[in-house]
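Okay, here's what each chain looks like letter by letter:
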Amino acid sequence: MAEQNETSSKLDEKAKALANEPDEDTKIAKMIKAMPKWRYYLLVGISIFWLVFQLYIKLYKPLRPWRQLSLHMCLALIVGFLMNPLADKYKKNFLWVIDGALVAMCLWILQYFVRNAEALNFRMYSVDPFTTEQIIVAVFLLIAVLEATRRVVSVALFGVILFFMAYAWFGQFVPGIFHYQGITFDRFCETLMLSENGIFGSPLNTSLNTLFYFLLFGAFFATCGGGGVLIDCGMKLSDKTVGGPAKAAVISSGLMGMISGSAVANVSSTGVFTIPLMKKTGYSPEEAGAVESVASTGGQIMPPIMGAGAFIMAEIIGLQYIHIAAAAVIPAIAYFGSAFILVHLLARKRHIGKDSGLHYEGQPVLPRLYRLLPIVVLVAMIIMGYSIPRSAIICTVVSIVVSMIAKETRLSVKKIIATVLDGIRQAANIAIPTAACGIMIGVVVRSGIAVKISKLIGKTGNSSLLLALLIAAIGCLLLGMALPTVAAYLIANTLFISAIQQLLDAQASMQGLNTALIGNMFIFYFGVVAQITPPVCLASFTAAGIANASAWKTGWKAFMFASVAFIAPFMFVYRPALLLEGTTGGIVVAGAMLLLATFCLGAAISGYMFKDLNMAERIAFLIVALCYIMPQGISDVIGVVGSIVLMAYCFVLARRNKGGSDTMTAQAA
C-alpha cells in the first residue's frame, strides 16, 4: 500500500510539472530568447535553408530521391541536436564537443549521399557489394538517428529500437516460431541504409513530401489566431447546454484536432479553460481531467488534417489522402460523439444543469471568424483535388495574409522567423521518429517476423478474424503506452497488418472492398487511443495537473471513458460502410447501429440512462452494445431490440420514480 501511495505521489508530481510547463509557443519563445546569438542565427539560417529547399522541390523541380531524402533527414537531425543540446541540459559547455561531433557526423553523411546520389539510383540492393565507406556511413547514420530519437522523441522509442536491433543479431538463439537465422553486419547496415524498408523508407518519404508542409501551415495558422477562434467556437456552442463545460472540451478539442495532432498541446490550450469550469459545475477533478484528455487525444483522427500517421497510412496503402480523410469521418464522429454522449450522461447523473450560472467569458467570435479562412480554403482545395503539399503551401500564405488584418495578430519579421522556427522544430520532431521507425521496419521485414505472427495467429485462433483483431488491439495499446502515435502505428502495421489483411481478404463479404484501408484504419485508431492508456499517458497526466487531481486515477478514468470509443474500430471492420465502403443505405444503417451501440456502451460506463443504473442494468447495456460488433442477423436483432427494450425500461422506471417522488412531495406539503 505504501509503495502504491508513493507511486501515485510521484505521478501527481509529474502531472503538476507537466501542467505547469509552458505551451509550445511559449517554450519556443523562451528558448529563442535564452539561447546564445550564434546558435540562434545558426538555427535561423538552417531553418530558412530548409524552408527554401522544401519549397524548391515542391514548386519548382524535385531533386534526385537520395539527395532530397538525405537532405531532409540530415537537416532534421541537425535541428534536433541544436534544439536539444547536451550542453544546455547538463549545463556543461564542454559537452558542445559531443553535439558538434554529431552535427559534423550528419554533414559527412549528407555529403556522401549528395556525392553518390546518381550511383545509388542504379545500385542493385543485395547484389552490389557494400563497401567499407558505406559501412562507416551506415554506422554514423545509426548513431545519429538513435541519439536524436533519445533526445527529441523518447527514451522508450530508443529502447524499442534497441530491442529490434538485438533481435536482428540474437534472433538465431530464440527457439520456436520466432527463431531467426540472423544477419551479417554488412547486410544489416545495407538493410537499414539502402533498403526501401529502412531509414529512408516510405515514412520518411511522407515526412519529406507531405508532413513538412502541413506542420508549417499549422504553425502559421495558430499564429494568425485561428486556433483561438476554434477553441472559443467550442466554448460558445456548448455554453448553455447540460454539462456545458465538458461538452465545450469535446467540441473545442475536436475543432482544434482539425489542425493539431498533438494531444498534450490540445490539453494545454483548451484544458486551462474547460477543466476549472467542469470542476465548478459538479464533475470530479479526475472526471474533468479525463474528459479533457480523451477529447484532446481524438484530434489525431479528426479530418481534414488528422495526425501524422494518417499521411503515412496514405503512403503505405497507396491511396490519395482525401480517401483516408473521408473514410475517417464517421469513426471521428463516433469518437467525439461517444465522448459527447458520455459527458451528457454524466451531467444528468450529477444533476449538472444548463443553468449552473457558469459561462465562458471570452471575446466575441463572429468578428474573428475570418481567421478560419485558411482552414476553409484548405478543405476546399483538398476536395477539389489539389495536391496536399501545394494546398498546405497556399494556405500558409493565406494564413500570413489573414494575420495582417488585425493588429494583435499582425506578423512582424521577428514573429515570422519565430513561427518558421516553430514549424521547423515540429518538422524535425516528426522526421526523426519516422526515420527511426525505418530501423524497426527493416528488421521486421528482413527477419520475416510479421509472417511468423500471421502464422501464430492462424494456428492459435483457427484463422479467426476476431482473435487477430483482439491481438492487434492489445498490441497497439501496449505499443502506444510507450511510443508516439506515428511509431506505434508503424510498428503495429509491420507486425499485424499482414495477418489482418489475409483474414479480411478471405471473408466473402469483403470481396471488392479495400481491405488494406480497413485493416490500417483499425490499427491507426487503436494507436491513437493508446496514447491515453496508463501507465504512460502524458495527455491524462497534463490534464490531471491542471485539474489538481490524482494522475493515476485520472489516467484510468480517461482509459475507461475512451473505452466507449473502442467499439467503433471493431464495428467498422465488420461493417466497412462506416468507412464509406458501401452503398448510401448501408452507410446509414451502419451509422445508426454505431449510434445505438455508443449509447448503450456510454450508459454502461457512466451508469446512467434516464436514471441511475444498478450493476445488473449496466451489464445488460454492455452485453447489448457488444452485440453490434459482428453484423450477423441474430446479433443485430438482439442489439436493436435489446437497446430499445432497455432504454424504454429505464425511461418508464425513471418517469414512475419521478411521479412517485412528486406525489410524496405534494402529500408532505
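It should be emphasised that the depicted structure is a prediction, and the values quoted were computed from it without experimental measurement.

Chemist: If you had to explain the overall build of the protein to someone new, which residues and values would you point to?
Modeler: For the protein, the helix and strand inventory stands at 31 helices and zero strands. Counting every position in the protein, which comprises 669 residues, the buried fraction comes to 56%. On the protein, roughly 28,000 Å² of surface is accessible, and the fraction owed to carbon and sulfur atoms is 66%.

Chemist: Can you tell me about the side chain of Ser643, naming the residues and giving the values?
Modeler: Positionally, Ser643 belongs in helix α31 (residues 633–668). For Ser643, a relative accessible area of 0% corresponds to the buried category. In contact with Ser643, not counting residues within four places along its chain, are Leu596, Cys600, Val624, Tyr628 and Ile638.

Chemist: How would you summarise the confidence of the model for the protein if you had to cite specific residues and measurements?
Modeler: Per-residue pLDDT for the protein averages 81, and the proportion of residues at 70 or more is 86%. In this model, residues 664–669 is a region of pLDDT below 50 whose contacts with residues beyond four sequence positions or in other chains number zero contacts.

Chemist: Just give me the short version of the pattern of salt bridges, but keep the residues and values in it.
Modeler: Within the structure shown, the criterion is met by 13 salt bridges. One salt bridge connects Arg39 with Asp88, and the closest N-O pair in it is separated by 2.5 Å. Separated by 49 residues along the polypeptide, Arg39 in helix α3 (residues 37–59) and Asp88 in helix α5 (residues 86–90) bring together distant segments of the chain. By relative accessible area, which is 1% here, Arg39 ends up buried. The salt bridge partner of Arg425 is Asp422, with a shortest N-O separation of 2.4 Å.

Chemist: Outline the packing of helix α11 (residues 202–223) against helix α21 (residues 413–447), supporting the account with residue identities and numerical values.
Modeler: Two numbers describe how α11 lies on α21: the axes approach to 8 Å, and their chain directions differ by 150°. Here α11 lies roughly antiparallel to α21, going by the angle between them. You can see that α11 and α21 cross each other, and the crossing is right-handed. By residue class, the composition of the contact of α11 with α21 is 16 nonpolar, six polar and two charged.

Chemist: Describe the packing of helix α16 (residues 308–317) against helix α24 (residues 485–506), and please don't skip the residues or the numbers.
Modeler: Running from amino to carboxyl end, α16 crosses α24 at an angle of 30°, the nearest separation of the two axes being 9 Å. For the element pair α16 / α24, the angle class is roughly parallel. Every pair of crossing elements has a handedness; the one defined by α16 and α24 is right-handed. Taking contact as the criterion, the partners of Ala308, Gly309, Ile312, Met313 and Ile316 in α16 are, on α24, Val486, Tyr489, Leu490 and Asn493. Classifying every residue of the contact of α16 with α24 gives seven nonpolar, two polar and no charged.

Chemist: I'd love a proper account of the packing of aromatic side chains, names of residues and values included.
Modeler: A full pass over the atoms with the stated rule returns 27 aromatic pairs. Measuring from ring centre to ring centre gives 5.1 Å for Phe522 and Phe526, while their planes differ by 55°; the resulting arrangement is tilted. Here Phe522 and its partner Phe526 are both found in helix α25 (residues 515–529), four residues apart, which amounts to about one turn of the helix. With centroids separated by 5.8 Å and ring planes inclined at 75°, the aromatic side chains of Phe526 and Phe570 adopt a geometry described as edge-to-face. One end of the pair, Phe526, is in helix α25; the other, Phe570, is in helix α28 (residues 567–574), and 44 residues separate them in sequence. Phe570 carries the same exposure label as Phe526, and that label is buried.

Chemist: Talk me through the environment of His72; I want residue IDs and the actual numbers.
Modeler: With respect to the helices and strands, the residue His72 is situated in helix α4 (residues 65–83). Separated by 38 residues in the primary sequence, His72 and Leu110 place their C-alpha atoms 9.6 Å from one another. Excluding residues that lie within four positions of it along the chain, His72 makes contacts with Trp50, Phe53, Gln54, Leu204, Ser207, Leu208, Phe212 and Ala431. Only 2.9 Å separates the side chain of His72 from the side chain of Ser207, close enough to count as a polar contact.

Chemist: Residue-level account of the state of the cysteines, with values.
Modeler: Under the criterion given, the structure shown has zero disulfides. Between Cys627, a free cysteine, and Cys600, which holds the nearest cysteine sulfur, the sulfur-to-sulfur gap is 9.4 Å. With relative accessibility at 16%, the residue Cys627 sits in the buried group.

Chemist: Got a sec to walk through a nonpolar patch on the surface? Specific residues and values, please.
Modeler: A contiguous nonpolar patch, built from Tyr56, Tyr60 and Leu63 and spanning about 320 Å² of accessible area, is present on the exposed surface. Residue placement: Tyr56 occurs in helix α3.

Chemist: Explain unusual backbone geometry residue by residue, including any values.
Modeler: Negative phi values dominate among residues other than glycine, just as trans dominates among peptide bonds. Positive phi, close to 55°, is recorded for Lys91, a residue that is not glycine. Mapped onto the elements of the fold, Lys91 is located in the loop between α5 and α6 (96–115). Backbone geometry at Leu580 places phi at a positive 65°, although glycine is not the residue there. With respect to the helices, strands and loops of the structure, Leu580 is situated in the loop between α28 and α29 (584–606).

Chemist: Can you break down the side chain of Glu617 residue by residue, with the values?
Modeler: Tracing the backbone through its elements, the reader meets Glu617 in helix α30 (residues 615–626). On the accessibility criterion, Glu617 (8% relative accessible area) is buried. For Glu617, the side chain forms a polar contact with the side chain of Tyr649, separated by 3.5 Å. Not counting residues up to four positions away in its chain, the partners in contact with Glu617 are Lys611, Asp612, Tyr649 and Leu653.

About the criteria used
- Residues numbered from 1 in each chain as written.
- Predicted model: local features only at pLDDT ≥ 70, side-chain atom pairs only at ≥ 80, totals over all residues.
- Heavy atoms only, no water.
- Helix = DSSP H or I, 4+ residues; strand = E, 2+ residues; numbered from the N terminus.
- Buried < 20%, exposed > 50% of the residue type's maximum accessible area, 1.4 Å probe, protein only.
- Areas by Shrake-Rupley, 256 points an atom, 1.4 Å probe, with all protein chains shown as cover.
- Contact = heavy atoms within 4.5 Å.
- pLDDT = per-residue confidence, 0-100.
- Salt bridge = Lys/Arg side-chain N within 4 Å of Asp/Glu carboxyl O.
- Axes fitted to C-alpha atoms, helices over the stretch in contact; angles between N-to-C directions.
- Parallel < 35°, antiparallel > 145°, perpendicular 65-115°, else oblique.
- Left-handed = near helix turned anticlockwise from the far one by under 90°.
- Nonpolar A, V, L, I, M, F, W, Y, C, P; charged D, E, K, R; others polar.
- Phe/Tyr/Trp six-rings, centres within 6.5 Å; stacked < 30°, edge-to-face > 60°.
- Polar contact = N/O pair within 3.5 Å; in protein donor to acceptor, adjacent residues only side chain to side chain.
- Disulfide = S-S within 2.5 Å.
- Patch = residues over 30% accessible without salt bridge, like charges linked within 9 Å, V, L, I, M, F, W, Y side chains within 5 Å.

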